Amino acid sequence: MNQLYKKSIRVVAGLFLLWAAASCKKETEYAPSPYNRVESFTVAAGTETIRASVAGDSIVIYWPSWLARPEKISPQVTVAENATVTPASGTAVDFRTGTAFMVKAQSGAEKKYYLKVVVNQPPIQVTEQTYSTVKGGSLVVDNGTYMRYFERNADVTKFYIIDDQNAATQLPLEFFTDPSGVPSMRISVPNTAELKAGAYKIRITSGSQTYNSQNKIFGIIHPANLKPAVNEMAAPVTVKQGGTITFQGSGFFEMKEARVFSYNADWSEKEVATLELESSTATSVTYKIPTNFPAGVYELGGWEANGIFIQLRISDFFGFWQWNKVQKNYIEVGGNTTFTVTQP
């Protein structure tokens, strides 16, 4: 092989290598990525993680109504490959509709996304049980069990008690988490003259939802120190059928009928008579003796066959009040003396 031929071979081979190198270099060059998408957007909500829905330029978060809505969040944001987001993932931002995020593609193309906060609120649920406290007092309710599915924010959620005339009174609320981690709210009853002891329906409004109880499940009860007291009967008593009897004492109010009863041989109670209320003041209360009260001589406070006991019924709203089972409250007339009932 002559030298000229070998030289030509080397030239051709070199040109081929240059072309191959150039071709390889051209194939590995990529244009900057034009993608500026938000791929995922998540927020921690207590022990839960909420994943946003991205639609157009909106980042939509459906926030559970029963969780307190924070003022700030630190979202975890994933964007398209080689893109950047401002504010950066994990940065604290205002948790409100309109908060903006800018995503910049590798190519420099930018797209702005806006946060949209939607409270995901099912119908408010309330367990219809007894809720009660005294005026000036409060009660704590578990928001995960007994009253739930509303926004735990006193600026948004309102609590009312409804009286027999359908008049509504708003009661103050305080939301908190108890030491064991239970989401709770404190309902307070102001000590005002306008609020009367009694049973009420309730109404809760929160966002787009309203709950109205079917029954009077909320009770304002009297404090124990307001319970009336009746004086003992020491002197013998004589009354007539159809006449009246007056008891002395203190703190009488909301007085009702009185009952006279005795005990059977098996210690079960036996009703003897019901005394109808005639009138009352703060220190005295008068009842009518029924015409069918059996005439005779009884022993007040006695346990023999002729023994009787007298109780004066007071307000139902003392002590352990239950909305679905009225418990009659009485004060005992003390003393050991004869109680004679005569005919007119």
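Residues numbered from 1 in each chain as written. Predicted model: local features only at pLDDT ≥ 70, side-chain atom pairs only at ≥ 80, totals over all residues. Heavy atoms only, no water.

1. A word on unusual backbone geometry
Then step 1. At the junction of threonine 86 and proline 87, the peptide bond is cis and its omega measures out at -5° in the coordinates.
Then step 2. Residue position: proline 87 is located in the loop between β7 (84–86) and β8 (93–94).
Then step 3. Of note in the backbone geometry, asparagine 82 takes a positive phi value of approximately 70° without being a glycine.
Then step 4. In this structure, asparagine 82 sits in the loop between β6 (76–79) and β7.
Then step 5. Owing to a relative accessible area of 49%, asparagine 82 belongs among the partly exposed residues under this scheme. (Helix = DSSP H or I, 4+ residues; strand = E, 2+ residues; numbered from the N terminus. Buried < 20%, exposed > 50% of the residue type's maximum accessible area, 1.4 Å probe, protein only.)

2. Comments concerning the nonpolar core
Then step 1. If you look at the biggest cluster of nonpolar residues, it comprises 27 residues, and the most contacted ones within it are Ile245, Phe247, Tyr287, Phe293, Leu312 and Phe339.
Then step 2. Ranked by residue count, the leading element in this core is strand β29 (residues 307–314), at four residues.
Then step 3. Every residue in contact with phenylalanine 339, bar those within four places of it in the chain, is listed here: Val237, Val239, Ile245, Phe293, Gly296, Val297, Tyr298, Ile308 and Ile310.
Then step 4. With 23 residues, the next largest nonpolar core counts Phe150, Leu171, Ile217 and Ile220 among its residues. (Core = buried A, V, L, I, M, F, W, Y, C linked by side-chain atoms within 4.5 Å. Contact = heavy atoms within 4.5 Å.)

3. Notes on the sheet that holds β6
Then step 1. An order of β2-β1-β6 is seen for the three strands of this open sheet, with the pairing classed as antiparallel. The strands lining the two open edges of the sheet, one partner per strand, are β2 (48–51) and β6. Going from strand to strand, the sheet's axes swing by 20° on average, the running direction of each strand aside.
Then step 2. Judged from the four bridges that link them, strand β1 (residues 38–45) and β6 form a sheet pairing that is antiparallel. By the bridge assignment for β6, valine 38 is matched with valine 79. (Pairing = 2+ DSSP bridges. Axes fitted to C-alpha atoms, helices over the stretch in contact; angles between N-to-C directions.)

4. Observations concerning the pairing of strand β20 (residues 209–212)
Each regular strand carries side chains that alternate between the two faces of the sheet.
Then step 1. Here four bridges tie strand β19 (residues 198–206) to β20, and the two strands are oriented antiparallel to one another. When the sheet's bridge partners are listed, isoleucine 204 is paired in β20 with tyrosine 211.
Then step 2. Between β19 and β20, which pair antiparallel one after the other, the connecting turn spans two residues, and glycine 207 there sits at a positive phi close to 60°.

5. Quick word on the pattern of salt bridges
Then step 1. Summed over all chains, the structure comprises 10 salt bridges.
Then step 2. One continuous salt-bridge network, built from bridges that share partners, spans Lys72, Asp94 and Arg96. (Salt bridge = Lys/Arg side-chain N within 4 Å of Asp/Glu carboxyl O.)

6. Section: the packing of aromatic side chains
What characterises a pair of aromatic rings is the spacing of the ring centres plus the angle enclosed by the ring planes.
Then step 1. Tallying each qualifying case throughout the model produces 16 aromatic pairs.
Then step 2. Measuring from centroid to centroid gives 5.7 Å for phenylalanine 317 and tryptophan 321, while their planes differ by 35°, and the two rings are tilted. Grouping residues by exposure puts phenylalanine 317 and tryptophan 321 together as buried.
Then step 3. These aromatic residues form a ring-pair network of at least three members: Phe261, Tyr263, Trp267, Trp303 and Phe309.
Then step 4. A cation over a ring is seen here: arginine 259 above phenylalanine 261, with NZ or CZ 4.1 Å from the ring centre.
Then step 5. The positively charged end of arginine 259 is found above the aromatic ring belonging to tyrosine 330, 5.6 Å away from the centroid. (Phe/Tyr/Trp six-rings, centres within 6.5 Å; stacked < 30°, edge-to-face > 60°. Lys NZ or Arg CZ within 6 Å of the ring centre and 35° of its normal.)

7. Quick notes on the environment of tryptophan 63
Then step 1. With respect to the secondary-structure elements, tryptophan 63 resides in strand β4 (residues 58–64).
Then step 2. Under the relative-accessibility criterion, tryptophan 63 is labelled buried at 4%.
Then step 3. Along the chain, tryptophan 63 and glutamate 269 lie 206 residues apart, while their C-alpha atoms are 59 Å from each other.

8. Observations concerning the environment of threonine 157
Then step 1. As for its position among the elements, threonine 157 is in strand β15 (residues 157–162).
Then step 2. Its relative accessible area of 2% is what places threonine 157 among the buried residues.
Then step 3. Each C-alpha atom, one on threonine 157 and one on glycine 90, is 30 Å from the other, the two residues being 67 residues apart in sequence.
Then step 4. Other than its neighbours up to four places away in sequence, threonine 157 contacts Phe150, Glu151, Leu173, Phe175, Ile204, Thr205 and Ser206.
Then step 5. From its side chain, threonine 157 meets the backbone oxygen of glutamate 151 in a polar contact 2.4 Å long.
Then step 6. Here serine 206 takes part through its side chain, which lies 2.8 Å from a polar atom of the side chain of threonine 157. (Polar contact = N/O pair within 3.5 Å; in protein donor to acceptor, adjacent residues only side chain to side chain.)

9. Concerning the pairing of strand β9 (residues 100–104)
Then step 1. Residues Phe101 and Val103 line the buried face of β9, whereas the alternating positions Ala100, Met102 and Lys104 sit on a face that is not buried.
Then step 2. In this sheet, β9 lies alongside β7 in antiparallel orientation, the contact comprising three bridges. Paired with threonine 86 across the strands is methionine 102, a residue of β9.
Then step 3. Across five bridges, the pairing between β9 and strand β10 (residues 110–120) is antiparallel. Residue pairing in the sheet places methionine 102 in a bridge with lysine 112 of β10.
Then step 4. The antiparallel hairpin formed by β9 and β10 contains five residues in its connecting segment, where glycine 108 sits at a positive phi of about 100°.

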